[in-house]
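The primary structure of each chain is shown beneath.
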Amino acid sequence: MNDTLYIQLDANVEVHHPHVYLQDIAKMSCTNPKLLNRLRVLPVIHLDPQKPGRYVMSVMDLIELIRQKSPDLTITPIGETTFIITYEKAAPQHLLFRYVKIAAVCLASFFGAAFSIMTFNTDADVGTLFSQIYTQVTGKSSSGFTILEISYSVGLGLGVLFFFNHFGHMKITSDPTPMQVQMRKYEDDVNLTIVEEISRKNANQENTRHFPS
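Counting from 1, residues in each chain are numbered in the order their sequence is written. In keeping with the model being predicted, local features are shown solely for residues with a pLDDT of at least 70 and side-chain atom pairs are shown and tallied solely at 80 or more, while totals for entire chains, interfaces and linings include all residues. With hydrogens and water excluded, all non-hydrogen atoms of the structure serve as input to the side-chain values.

(A) Representation of the side chain of Thr119 in the model. Inspection of the secondary structure puts Thr119 in helix α4 (residues 95-121). The buried label applies to any residue whose accessible area, calculated with a 1.4 Å probe on protein chains only, is under 20% of its type's maximum; exposed applies above 50%, and partly exposed to all values in between. Residue Thr119 is classed as buried on the basis of its relative accessible area, which comes to 12%. Of the polar contacts made by the side chain of Thr119, one reaches the backbone oxygen of Phe115; its length is 2.6 Å. A run of H or I in DSSP counts as a helix once it spans at least four residues, and a run of E counts as a strand once it spans at least two, with each numbered from the N terminus. In protein, a polar contact requires one atom able to donate a hydrogen and another able to accept it; more generally it is a pair of N or O atoms within 3.5 Å, and residues adjacent in sequence count only if both atoms are side-chain atoms.

(B) Broad picture of the sheet that holds strand β1 (residues 4-9). When DSSP finds two or more bridges between a pair of strands, those strands are recorded as paired. A sheet is described by the order of its strands in space; here three strands give the open sequence β4-β1-β7, paired in mixed fashion. In this open sheet, the two strands that pair with only one neighbour each are β4 (26-30) and β7 (74-79). Taken over all neighbouring pairs, the strand axes of this sheet differ in orientation by 20 degrees on average, direction set aside. Helix α3 (residues 59-69) rests against β1 and β7 of the sheet, and its axis sits at about 155 degrees to β7. To obtain an axis, a line is fitted to C-alpha atoms, over the contacting stretch when the element is a helix, and the angle between two such axes runs from 0 to 180 degrees between their N-to-C directions. Any two residues having at least one pair of non-hydrogen atoms within 4.5 Å are treated as being in contact.

(C) Here's a closer look at the sheet that holds strand β6 (residues 53-58). Strands sit in the order β2-β8-β6 across an open sheet of three strands; the sheet is mixed. Each of the sheet's edge strands pairs with one partner strand only, and the pair in question is β2 (12-15) and β6. Sheet twist, expressed as the average angle between the axes of neighbouring strands with direction ignored, equals 25 degrees. Each of β6 and β8 (82-87) touches α3; the most contacted strand, β6, lies at about 65 degrees to it.

(D) Quick peek at the side chain of Thr4. Here Thr4 lies in strand β1. Residues contacting Thr4, with those up to four places away along its chain left out, are Ser29, Cys30, Thr31, Leu73, Thr74 and Thr76.

(E) Layout of helix α2 (residues 33-40). Those residues of α2 lying buried are Leu35, Leu36 and Leu39. Summarising the axial view, the buried residues of α2 lie within an arc of 100 degrees, below the 170-degree limit, and thus occupy one face. More than 90 degrees from the buried face of α2, the exposed residues found are Pro33, Lys34 and Arg38. Capping the start of α2 is the job of one residue whose side-chain oxygen sits 3.2 Å from the backbone nitrogen of Lys34: Asn32. The arc in question is the one traced by the directions running from the helix axis out to the C-beta atoms.

(F) Examining the packing of α4 against helix α5 (residues 126-138) more closely. At a minimum axis separation of 9 Å, α4 and α5 run at an interaxial angle of 115 degrees. Between α4 and α5, the crossing angle belongs to the class labelled roughly perpendicular. By crossing handedness, the relation of α4 to α5 is classed as right-handed. Note on element contacts: α5 touches α4 through Val126, Leu129, Phe130 and Ile133, opposite Phe115, Met118 and Thr119. Its residues placed into classes, the contact of α4 with α5 shows six nonpolar, one polar and no charged. Here roughly perpendicular refers to angles of 65 to 115 degrees, roughly parallel to angles under 35, roughly antiparallel to angles over 145, and oblique to all remaining angles. The handedness criterion is simple: a crossing whose near helix is rotated anticlockwise from the far helix by less than a right angle is left-handed, and one whose near helix is rotated clockwise is right-handed. Side-chain classes follow a simple rule in which Ala, Val, Leu, Ile, Met, Phe, Trp, Tyr, Cys and Pro form the nonpolar group, Asp, Glu, Lys and Arg form the charged group, and the remainder, Gly included, forms the polar group.

(G) Representation of the environment of Ser131 within the structure. Summarising the element assignment, Ser131 is placed in helix α5. In this structure, the C-alpha to C-alpha distance between Ser131 and Phe163, residues 32 residues apart in sequence, is 28 Å.

(H) Representation of the pairing of β8. In this sheet, β8 lies alongside β2 in parallel orientation, the contact comprising four bridges. From the neighbouring strand, Glu14 faces β8, where its bridge partner is Thr86. In terms of strand pairing, β6 meets β8 through six bridges, oriented antiparallel. For Val56, the partnering residue across the bridge sits in β8 and is Ile84.

(I) Fine view of the packing of aromatic side chains. Ring geometry is summarised as follows: Phe, Tyr and Trp rings, the Trp one being its six-membered ring, pair when their centres sit within 6.5 Å, and such pairs are stacked at plane angles under 30 degrees, edge-to-face over 60 and tilted between the two. Under the defined criterion, the tally for this structure stands at four aromatic pairs. Ring centres of Phe115 and Tyr152 lie 6.0 Å apart, and the angle between their planes is 40 degrees; this geometry places the pair in the tilted category. Pair noted here: Phe115 is in helix α4 and Tyr152 is in helix α6 (residues 147-164), with a separation of 37 residues, a long-range link. A relative accessible area of 25% means that Phe115 is categorised as partly exposed. Plain terms: the ring middles of Phe130 and Tyr152 are 5.4 Å apart, the flat faces sit at 70 degrees to each other, and that makes the pair edge-to-face. Remark: Tyr152 occurs in helix α6 and Phe130 occurs in helix α5; sequence separation between them is 22 residues. When its relative accessible area of 33% is taken as the criterion, Tyr152 is described as partly exposed. Following the ring pairs from residue to residue traces out a cluster consisting of Phe115, Phe130 and Tyr152.

Limitation: the analysis is restricted to geometry and does not speak to function.
Encoded structure:
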């Protein structure tokens, strides 16, 4: 009786070293413990240490590698059929930097929520809101062109750039832009619609053939 290997894959797996082994990207269970231990250290891919990023692989690639080591092994894949290996260099953990990031996120969340509530209470009249805040803090009337308006305008522009993740042909990160994500969703919806329309048309033709009017 042949041994059976069950292999489970997630959609995205993060690794921190360029030499990727099977145990780094998959959860496995096998009826042969000795064989399982050998497969855990099976090399899957060797990445360029100087090129962190995302690499796409298929479960068929893994099955082919495993077959080379154990031709008689029965392989049962579970989970994703195509997955992403996200390679990031292991960075030293700086405790102070981590606390600074946590504090920055907390402050941004606090002031962002406060700004949203105040804007809601003024019926989204940001100009009036800035004028009231400036007058309360400084005791002077706002000219409409203060540090509040300037920082808001600059921050709004930077926020749009970071959200759309590109400026011209230059991308800020390697992640797909929101526009690319939406276009991919649209393409998937179109493909699904085409398949369903053809299936429905074939079903109608089949019914017409069997039950002519």
